[in-house]
Each structure stands twice: as structure tokens, then as C-alpha cells.
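Structural overview
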Amino acid sequence: MRRYLAISTMMAGYRPYRKECHVEKVIISAAITGGMTVPGQSGAIPITPDEIMDSAVEAHAAGATIVHLHVREPETGKPSSSLDLFREVVSGIKDRCDVIVQPTTGGGQGMTLEERAAVLPELRPEMATFNSGSINFGLFPISERADDDRFEDWETEYLEGTRDYVFRNTFADMQKICSMVRESETKPELEAYDVGHLYNIKYLVDKGLLDTPVHIQFVLGVMGANAATIEQFMHMRRTALDLFGDDFTWSAAGVGYPAEFHLAAMCLMLGGHVRVGLEDNLRLKRRERAQSNAQLVEKAVSLAAMFDREPATPDEAREEFGLKGRTAVAF
Ligand code: KMH
Ligand code: ZN
């Protein structure tokens, strides 16, 4: 009897998600290198253009539909906004495979909005990130935890500097990016780090500044914003449903381990898409560091199979998001 009750309660709890469970294909984004971490955190982080290109192509072969990209100074690994580096990387990837290339407009610490957003007019990519609110993006606990000799001086300064770093995305900034994505015919992926950012997106939609359906990336686990707990994730997703109804697509990125895979499992269950990658998380298992982005993508693909989800091809994702196509970019 007790067993019967347990099963029927589970079934009742499952019913509200039935519709979403019909979604079978999953769009996996691989966030290849990032702009807030430093190379001393892991030898696996791709640094040079060749390393970033190879890692992106391997991630696509492992099942990634989108590669989210930052670039780094090849000599030091410091996050960079160099358009020459961006152009080299995105065109190199495009020559080798048909993955959707999604450059950042978030950049890294100390970059101006103009530097961050220059990829839009310059590359006219199919997709780019769009950060939907300001946060104090805190990575300083990493330098507090680390052994003294693990980091170069600039790396310690970079991490420590985040105590006082406002990742600035004001309404004026966001309005500029709205115009820029329209002008370059780029689909914005709206990064929401906290529940208030969803209301910012709603404001921009209501003002007619963003086209619908919007695509939202819930990014949870950045210090200075929302935590990567199941409850906070469900709260943000529920808020997005209240604000946008059926008129949005979504994915989630859990920052850190095990958040990356906990959130991936939630997305897979609830019909969302998934982001993994060394930008967000450096571990494959609790006691095992990831050696590559491909390994993280492979784990996401295995997890997806358990929920009867299979990776979408880039062309399927182009259709889902209404992208302009890979021949319409400027690289
Ligand atoms: N660094 C991530 C937490 C962007 O590049 O525009 C968020 C991100 C944003 O990927
Ligand atoms: Zn990024």
C-alpha cells in the first residue's frame, strides 16, 4: 500500500511536465574557455586560437550544437577583446564544421561595453550572448582557496579584483545591445543570473526592443548573483513562465561542480536545453578534473540519453531559434 501511494504521488507530481517531456532534441552549448577564469585554475582551459578552435571542433564532434566563445591573449591566457583573435577563431571553426558559433558580448573584467560588443558589427554572428543585468561578479574566493604558487601575479590580481568588479549591464547598456543585435541580425541569448534579470528582459520585450520568442540562459552559481540550487532554478524558470508564457526557449548553465550537471539534469527533465563547458566548470566528477570540453559534452550527451533526449544538429537548432544561417555572417 505504502509503495502504491509513493508511486501514485510521483505520477501526480510528474503530470504538469508531460507536455514539455515531448521535447526530444536538446541543444547543447559548449562554453569553451570563458573570460573570468584564469589559466592557473586548470591546464585544460584552451588559451591560444588553435587550442580554442580544436576544443570547439572536438566539442561539436562530441555532441555540442553551439560553441560559446571568448578569446585570450595567446602568451598569457588573459581574457582579451581582440577582434583579430575573435576573427581567427570563429572563421577557423567555421572552416572545419557547421557548429553554431556564439561569441560573447560579456567579455571579461575591465573591458568596456564597446569592446565587449564590437563582435556584433564586426562578425555579424548568428548568435551572441546578451547579459540581462548587472552583478558584482565575484571570483575572489578562488584565490583565497588556492596555494600561493598556483597563480601568476596577474592571475591573483585578476581574481582578487573581482571583489570590486561590477559586471555592468545597465538599462542604457542593454538598450545599445538591443539595437546592435537587430542591426547585425544576431539572435541574442539572454543570460539571466538572477531573478530580477528576467524582469529586465520583460521590460525590453514590452518596449519592443527585443524580438520574441526570446532565448534565455539561466546562469546560476556566480557569486554575487543567484545560487545554483534546484529551488532557485525552479523559481527562475517559474518566473520566466509567468512573464513570457510559452513565448521563450531556455537553457541553463550551472557554474561549478556538481551544479553544471545537476542543472543539466533538470533541463533535460523539463524540456530545456543545456550548457556545459570549461568556462563554467572544471570537473568531470567530484574527484576528477575535466581534461577537455569534449569530455563535459560527452557526459551531457550520456545524461540526455537517460531522459530520451538526443543532441540537436546545428541546422535543427537554426530552425528552432530562427537563425539567419551560417552564410549570412561576416566571417
Ligand atoms: N561567464 C558566464 C558565467 C557571456 O560570456 O556573455 C556567463 C557568460 C556571459 O558566458
Ligand atoms: Zn561567456
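These lines cover the structure that appears in this document, whether it is placed above or below. Residue numbering note: each chain is counted from 1, following its sequence as written. All chains are assigned letters beginning at A, and all ligands numbers beginning at 1, according to the order in which they are written. Owing to the predicted nature of the model, reporting of local features is limited to residues with pLDDT of at least 70; listing and counting of side-chain atom pairs is limited to 80 or more, with chain, interface and lining totals taken over all residues. By convention in this description, side-chain values take in all heavy atoms of the structure and omit both hydrogens and water.

This paragraph deals with the coordination of the zinc ion (ligand 2). Coordination shells were defined by N, O and S atoms within 2.8 Å of each metal, extended to 3.2 Å for Na, K and Ca; water is absent from the atom set, which can make sites look incomplete. The coordination sphere of the zinc ion (ligand 2) contains the protein donors His-68 (NE2), His-70 (NE2) and Glu-279 (OE), at a distance range of 2.1 Å. In terms of primary sequence, the donors binding the zinc ion (ligand 2) are separated according to H-x1-H-x208-E. Note that His-70 is positioned in the loop between strand S3 (66-69) and strand S4 (71-72) and Glu-279 in the loop between strand S13 (273-276) and strand S14 (283-285), a separation of 209 residues in sequence. When sorted by exposure, His-70 lands in the same class as Glu-279, which is buried. Secondary structure follows DSSP: runs of H or I at least 4 residues long count as helices, runs of E at least 2 residues long count as strands, and numbering of each begins at the N terminus. Categorising residues by exposure relies on relative accessible area from a 1.4 Å probe, with only protein chains included: less than 20% of the type maximum marks a residue as buried, more than 50% marks it as exposed, and the intermediate range marks it as partly exposed.

Okay, the sheet that holds strand S2 (residues 28-31) next. Pairing is parallel in the open sheet, where eight strands are placed in the order S6-S3-S2-S13-S12-S11-S10-S7. The open sheet terminates on both sides in strands that have one partner only, identified here as strand S6 (100-103) and strand S7 (127-131). Geometrically, the sheet is characterised by an average inter-axis angle of 25 degrees between neighbouring strands, direction not taken into account. Note: two strands are recorded as paired if DSSP finds a minimum of 2 bridges between them. In this structure, S2 lies alongside S3, joined through three bridges in parallel fashion. Following the sheet pairing, Ala-30 is matched in S3 by Val-67. For helices, the axis comes from a line fit to the C-alpha atoms of the stretch in contact; other axes are also lines fit to C-alpha atoms, and the angle between any two N-to-C directions lies between 0 and 180 degrees.

The rule for a residue being near a molecule or strand is that one of its heavy atoms must lie within 4 Å of it. Every residue near ligand 1 is listed here: His-68, His-70, Thr-104, Gly-106, Thr-129, Asn-131, Phe-137, Tyr-193, Val-219, Val-222, Arg-275 and Glu-279. Nitrogen and oxygen atoms within 3.5 Å of one another constitute a polar contact, given that in protein one can donate a hydrogen and the other can accept it, and given that sequence-neighbouring residues count only through two side-chain atoms. At 3.2 Å, a backbone N or O of Gly-106 approaches an oxygen atom of ligand 1. Asn-131 has a polar side-chain atom sitting 2.9 Å from an oxygen atom of ligand 1. In the complex, the protein chains occlude 95% of the 300 Å² of accessible area that ligand 1 would expose alone. When atoms are counted within 2 Å of each cavity's grid points, the one that captures over half of ligand 1 is the largest pocket. In this count, Pro and Cys sit with the nonpolar residues alongside Ala, Val, Leu, Ile, Met, Phe, Trp and Tyr, while Asp, Glu, Lys and Arg are called charged and the others, Gly among them, polar. Looking at side-chain class alone, the shell around ligand 1 contains four nonpolar, six polar and two charged residues. Accessible surface area values rest on a Shrake-Rupley calculation with a 1.4 Å probe, where residue burial reflects the displayed protein chains alone. Here the term cavity refers to a set of points on a 1 Å grid, laid over the protein atoms alone, in which a 1.4 Å probe fits but cannot get out; the term pocket refers to an open set having protein on both sides within 12 Å along at least five of seven lines, with lining residues being those that place an atom within 4 Å of a point. A molecule is said to be in a cavity or pocket once over half of its atoms fall within 2 Å of that pocket's grid points.

What follows concerns the packing of helix H11 (residues 259-270) against helix H12 (residues 293-306). Following both chains from N to C, one finds H11 and H12 inclined at 35 degrees, their axes separated by 10 Å at the closest point. Here the hand of the crossing between H11 and H12 comes out right-handed. Facing Glu-260, Phe-261, Ala-264, Ala-265 and Leu-268 of H11, the residues of H12 in contact are Leu-296, Lys-299, Ala-300, Leu-303 and Ala-304. In terms of residue class, the contact of H11 with H12 is made up of eight nonpolar, no polar and two charged. By definition, any crossing whose near helix is turned counterclockwise from its far helix by less than a right angle is left-handed, and any crossing with a clockwise turn is right-handed. Only heavy atoms enter the contact rule, under which two residues are in contact if any of them lie within 4.5 Å.

With respect to the helices, strands and loops of the structure, Ser-81 is situated in the loop between strand S5 (79-80) and helix H3 (83-96). Considered as a pair, Ser-81 and Asn-293 are 212 residues apart in the sequence and their alpha carbons are 22 Å apart. Not counting the four nearest positions on each side in its chain, Ser-81 is found in contact with Phe-86, Met-111 and Glu-115.

By the secondary structure assignment, His-215 is in strand S11 (residues 214-220). According to the relative accessible area criterion, His-215 is buried, its value standing at 2%. A polar atom in the side chain of His-215 sits 2.8 Å from the side chain of Thr-249. Apart from residues lying up to four places away in sequence, His-215 is in contact with Met-127, Lys-187, Pro-188, Glu-189, Leu-190, Thr-249, Trp-250, Ser-251, His-273 and Phe-321.

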